[in-house]
Amino acid sequence: MSIDALTFIGPWPFRRLKIRSADELVKELDRLGLDKALVSNYQGVFYKDSLIAAEELMEEIHPYRERLIPVPSLNPSIYGWEADLVDIVNMGVPGIRLIPGYHGYTLEDKLLSNFLQLVKENNLFLQVLARIEDERQHHWLTHVGQVSLRSLQDLVYGNKDIPFIISGLRYLEIVTFLRELPEDSQTLADISWIKGQVLPIDELIDMGLGKRLVLGTGQSFHYGDSALLMVERLEDNTQKEDILKNNMERLFPGLF
Amino acid sequence: MDMRSGIIDVHVHLRGDGLPNKFWRAVDRYGVEKVMVSSLGRVWRYIPTVDEFREANADVARLIKEQSDRVIGYVYVNPCYEEEALDEVKKGFQVYGCKGLKLWVSCICTDPRVEPLVEWVTENNGFILLHSWQKAKGNLPGESTPADVATLAKRYPNTVFIMAHIGGDWERGIKAVRNCPNVLIDTCGSITSAGAIERAVKYLGVRRVVYGSDACGNDFGPNIGKIYGACLPEEDERKIFKENIEEVLAGRWLK
């Protein structure tokens, strides 16, 4: 069993991507030798109506529910999100993705407190995306806010009873974030953005952070091989297994 | 994924005054056969002094001596110091055994002060690795865009240039140098966005694409992964990983 914690389907508005459909994503998972993936769609990044995006996601992945686990995104800064969340929960999803940088709010916003309460009541996990695309490459039409490390830390520290997956942190950010994480925090971080160092995963493992890491490739936006190769070439099989599946299975028993 | 071997990495930088043990562990782990290195200084400065780039090149020279079977050197200078920069380029090639010139962000590559360096390198069968980016939030004052690279390359059609990072914003970078047959692109850096390699091969031809990592600032894994992820024919992968740069090193690439 191997799990990719960060995948997307759908059209990216500014570039034609090779993988757009669920069918294409599953074929790519096969090529990479990965069994399952958490998935959302780009419609959920760009639509104002999160519910429609979630409906499209569920429809698209329907034939592959054994392998593709839906984690739709929701924008809690748009009025009526509470009803959308209820409808999305009724679709049988285990978690929600938050993409504050693209959705026009920050993690410090007070509007999140009600949302977090409902997340807890519905036993959902939260996957928070610090970034999708490198800031230096943003399209001239996009205005993407920065997700501060401090705000991520405050969110996670203040909500210990919510399981979190944090995605899109660069190497130095992930070091700071994980090193300061309380031991009892139910939080994992994916490795999709930790490229800025030679053997970065070895470094994180040497710091005692290996149990906090999960494979996230960021495909279809990123090459899936890029993150996966770092894990596959680890010398210790136990460490490899932890990142590919054990850490996820420990935090989410029964989900996979 | 199986283990391919025989990789030449065209874009590596020293960390401090050398390459740490961890770097060589990574080289072995990923099957990298040779690395082409420059030093941007023991402490990276956008605009290094003469002493700083001389010290940086002496560090590279020492590494070439110690690891001659695995290390190929670039000499690095700040072209704003015209006379000293040219002297250092000559020393880099003639004394240290460097094969290429590396230029970073001291000045835009179309600056007239770069021209004597280009001319000397060309006359001495070298090539030039040019940093290039076009950043959404603006470049550094001396940072060349892919369009700058194209301007310089058209001025010197007999010089081999390698545009680093596929120009950073690769969609614009590839297009900027499409009509410059003397420009190759290297694939290095932290950008792993899918489609970049396929697009470079489509518009430039596989012969103009070479693999790089930007280690020690980046890992080999994500960068090698980009090439695998493009799912090219094995023959094309071999060209990108090794054969194209071998042609450049042998002075045959433009012939």
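Shown above is the structure to which this text applies.
As the structure is a prediction and not an experimental result, all values here were calculated from the model.

Asker: Would you explain the side chain of S40 of chain A in this entry?
Answerer: Residues and elements named next belong to chain A. Summarising the element assignment, S40 is placed in strand 2 (residues 36-41). At 2.6 Å, the side chain of S40 and the side chain of R97 are in polar contact. Beyond its immediate stretch of four places on either side in the chain, S40 contacts T7, F8, I9, L57, V71, P72, S73 and R97.

Asker: Got a minute to help me understand the pattern of salt bridges in this structure?
Answerer: One side chain can pair with another of opposite charge once the charged atoms of both are near each other. In the structure shown here, the tally under the stated rule is 35 salt bridges over all chains. A salt bridge links E198 of chain B to K18 of chain A; its shortest N-O distance comes to 2.9 Å. Separated into two different chains, E198 of chain B in helix 7 (residues 196-204) and K18 of chain A in the loop between strand 1 (3-9) and helix 1 (22-32) make up a pair that spans both. With a relative accessible area of 48%, K18 of chain A lands in the partly exposed category. With a shortest N-O distance of 4.0 Å, K120 of chain A and D161 of chain A are connected by a salt bridge.

Asker: Which parts of the structure should I look at to understand the side chain of N78 of chain B?
Answerer: Residues and elements named next belong to chain B. As for its position among the elements, N78 is in the loop between strand 3 (71-76) and helix 3 (82-94). Of the polar contacts made by the side chain of N78, one reaches the backbone oxygen of P48; its length is 2.9 Å. Not counting residues up to four positions away in its chain, the partners in contact with N78 are I47, P48, F53, A85 and S106.

Asker: When you look at empty space enclosed by the protein in this model, what are you seeing that I'm missing?
Answerer: Over the atoms, a rolling probe the size of a water molecule traces out where space has been left empty. Residues and elements named next belong to chain B. For the structure shown, the criterion picks out four cavities of 30 Å³ or more. As a volume, the largest cavity reaches approximately 70 Å³. Around the largest cavity, the lining residues are W133, H165, I166, G168, W170, T187, C188, I191, A196 and K226. Grouping the constituent residues of the lining of the largest cavity by class yields six nonpolar, three polar and one charged.

Asker: Where do I start with the packing of aromatic side chains in this structure?
Answerer: To describe a pair of aromatic rings, one takes the distance between the centres and the angle between the planes. All names here are of chain A. Within the structure shown, the criterion is met by 20 aromatic pairs over all chains. An aromatic cluster is built from F8, W12, F14, Y42, F46, Y102 and F221, whose rings are joined through pairwise contacts. Residue placement shows R97 over the ring face of F8; its charged tip is 5.2 Å from the ring centre.

Asker: Where do I start with the interface of chain B and chain A in this structure?
Answerer: One frequent convention defines the size of an interface as the accessible area lost when the parts assemble. Taken together, the 43 residues of chain B in the interface contact 34 residues of chain A. For the pairing of chain B and chain A, the buried interface totals around 3400 Å² over both sides, and the portion due to carbon and sulfur atoms is 52%. For the interface between chain B and chain A, the tally reads seven salt bridges. The interface formed by chain B and chain A holds 24 residue pairs in polar contact (both at pLDDT 80 or more) in total. Listing elements by their share of the side of chain B that touches chain A, those giving two or more residues are helix 1 (21-29), helix 6 (170-176), helix 7 and helix 8 (220-229) of chain B. Counting residues per element, the side of chain B that touches chain A draws most heavily on helix 8 of chain B, at seven residues. Across the side of chain B that touches chain A, the residue classes break down as 19 nonpolar, 11 polar and 13 charged.

Asker: Quick question: what am I supposed to make of the sheet that holds strand 2 of chain A here?
Answerer: To summarise the sheet geometry, strands pair through backbone hydrogen bonds and adopt either a parallel or an antiparallel arrangement. All names here are of chain A. Strand order in the open sheet made by the three strands is 1-2-3, with parallel pairing throughout. For this open sheet the edge positions go to strand 1 and strand 3 (68-70), each flanked by a neighbour on one side alone. On average, each strand axis in the sheet is tilted by 35 degrees relative to the strand beside it, whichever way the strands run. The pairing of strand 2 with strand 3 spans three bridges and is parallel. Its bridge partner being in strand 3, A37 is matched across the sheet by L68. Across the sheet, helix 3 (residues 50-61) is in contact with strand 1, strand 2 and strand 3; its angle to strand 2 comes to roughly 140 degrees.

Asker: I keep staring at unusual backbone geometry and nothing clicks. Help me out?
Answerer: Generally, phi is negative for residues other than glycine and the peptide bonds are trans, each holding for most cases. Backbone torsion omega between Q219 of chain A and S220 of chain A reads 20 degrees, so that peptide bond is classified as cis. Within the secondary structure layout, S220 of chain A lies in the loop between strand 8 (213-214) and helix 10 (224-232). A positive phi angle, near 50 degrees, is found at L199 of chain A, a position not held by glycine. Within the fold, L199 of chain A resides in the loop between strand 7 (187-190) and helix 9 (200-206). What makes L199 of chain A buried here is its relative accessible area of 2%. One non-glycine residue, I166 of chain B, adopts positive backbone phi at about 50 degrees. Position of I166 of chain B relative to the elements: it lies in the loop between strand 6 (160-163) and helix 6. Here I166 of chain B falls in the buried class, since its relative accessible area comes to 5%.

Asker: Whenever I open this one, the pairing of strand 6 of chain B confuses me. Can you help?
Answerer: A regular strand carries its side chains on alternate faces of the sheet. All names here are of chain B. Of the two faces of strand 6, both are covered, the one formed by V160 and I162 as well as the one formed by F161 and M163. Pairing analysis gives four bridges linking strand 5 (residues 127-130) to strand 6, with the strands arranged parallel. From the neighbouring strand, L129 faces strand 6, where its bridge partner is I162. Following the chain from strand 5 across helix 5 (residues 146-155) to the adjacent parallel strand 6, one finds a crossover that is right-handed. The sheet contact formed by strand 6 and strand 7 (residues 183-186) spans three bridges and is parallel. In the strand pairing of strand 7, M163 is matched with I185. As a crossover connection, the stretch from strand 6 through helix 6 into strand 7 is right-handed.

Asker: Can you walk me through the sheet that holds strand 8 (residues 209-210) of chain B in this structure?
Answerer: Residues and elements named next belong to chain B. With parallel pairing, the eight strands of this open sheet are ordered in space as 1-2-3-4-5-6-7-8. Edge positions in the sheet fall to strand 1 (7-13) and strand 8, since each of these pairs with one other strand and no more. Relative to strand 5, strand 4 (residues 100-103) runs parallel, the two sharing four bridges. Bridging across to strand 5, G100 finds its partner in F127.

Criteria and thresholds
Residues numbered from 1 in each chain as written. Chains lettered and ligands numbered in written order. Predicted model: local features only at pLDDT ≥ 70, side-chain atom pairs only at ≥ 80, totals over all residues. Heavy atoms only, no water. Helix = DSSP H or I, 4+ residues; strand = E, 2+ residues; numbered from the N terminus. Polar contact = N/O pair within 3.5 Å; in protein donor to acceptor, adjacent residues only side chain to side chain. Contact = heavy atoms within 4.5 Å. Salt bridge = Lys/Arg side-chain N within 4 Å of Asp/Glu carboxyl O. Buried < 20%, exposed > 50% of the residue type's maximum accessible area, 1.4 Å probe, protein only. 1 Å grid on protein atoms, 1.4 Å probe; cavity = no way out; pocket = protein on both sides within 12 Å on 5 of 7 lines; lining within 4 Å. Points joined across faces, edges and corners; volume = space filled by probe spheres on them. Nonpolar A, V, L, I, M, F, W, Y, C, P; charged D, E, K, R; others polar. Phe/Tyr/Trp six-rings, centres within 6.5 Å; stacked < 30°, edge-to-face > 60°. Lys NZ or Arg CZ within 6 Å of the ring centre and 35° of its normal. Buried area = accessible area lost by both parts, 1.4 Å probe. Pairing = 2+ DSSP bridges. Axes fitted to C-alpha atoms, helices over the stretch in contact; angles between N-to-C directions. Right-handed = clockwise from strand over helix to strand, strands pointing away.

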